[in-house]
Amino acid sequence: MYFEDATKQQLIQIALFEDCPIDYKFEAVRELQMRQWHDDYLIDLIRLWGEGKSSFQIAIELGIEKNAVEWQLQKHDLYGRRKKHEPK
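Just so it is clear, the structure is predicted and the values come from calculations on it, not from any experiment.

A. Structural context of the layout of surface pockets. Quantified by volume, the largest pocket comes out at close to 180 Å³. Forming the boundary of the largest pocket are K8, L32, R35, Q36, W37, E65 and A68. Of the residues contributing to the lining of the largest pocket, the split by class is three nonpolar, one polar and three charged.

Right, here's the structure in full:
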């Protein structure tokens, strides 16, 4: 079973409601915990946003959900503040 490929809803379903071995429940909860936002991501978020990456690309690179990336961009007032660099 590949827990890293499961959606958040699927992991919650396994952790709370499925009749399965406790090891599966543990892995599902562990994967959910790993996907949470950590303040260490902020530096990478700013760098990747400055490089022109989309919120989807940043989410993939950081291993968190796109919604969490977008929320952090809004929280730190970065959404819509990216300047395009023109080649000289």
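B. Summary view of unusual backbone geometry. Of note, the phi angle at D77 is positive, near 55°, even though the residue is not glycine. Position of D77 relative to the elements: it lies in the segment after α5 (66-75).

C. Quick look at the side chain of E31. In this structure, E31 sits in helix α2 (residues 22-34). Look at E31 and you get buried, because its relative accessible area is 13%. Once residues within four sequence positions are removed from consideration, E31 is found in contact with F3, E4 and L11.

D. Region of interest: the nonpolar core. The biggest cluster of nonpolar side chains holds ten residues, and these are Y41, L45, L48, W49, I58, A59, L62, I64, V69 and L73. Contributions of two or more residues to this core are made by α3 (41-50), α4 (55-62) and α5. Not counting residues up to four positions away in its chain, the partners in contact with A59 are I64, E65, K66 and V69.

Rules used in this analysis
- Residues numbered from 1 in each chain as written.
- Predicted model: local features only at pLDDT ≥ 70, side-chain atom pairs only at ≥ 80, totals over all residues.
- Heavy atoms only, no water.
- 1 Å grid on protein atoms, 1.4 Å probe; cavity = no way out; pocket = protein on both sides within 12 Å on 5 of 7 lines; lining within 4 Å.
- Points joined across faces, edges and corners; volume = space filled by probe spheres on them.
- Nonpolar A, V, L, I, M, F, W, Y, C, P; charged D, E, K, R; others polar.
- Helix = DSSP H or I, 4+ residues; strand = E, 2+ residues; numbered from the N terminus.
- Buried < 20%, exposed > 50% of the residue type's maximum accessible area, 1.4 Å probe, protein only.
- Contact = heavy atoms within 4.5 Å.
- Core = buried A, V, L, I, M, F, W, Y, C linked by side-chain atoms within 4.5 Å.

By themselves, these are just geometric observations and shouldn't be taken as functional.
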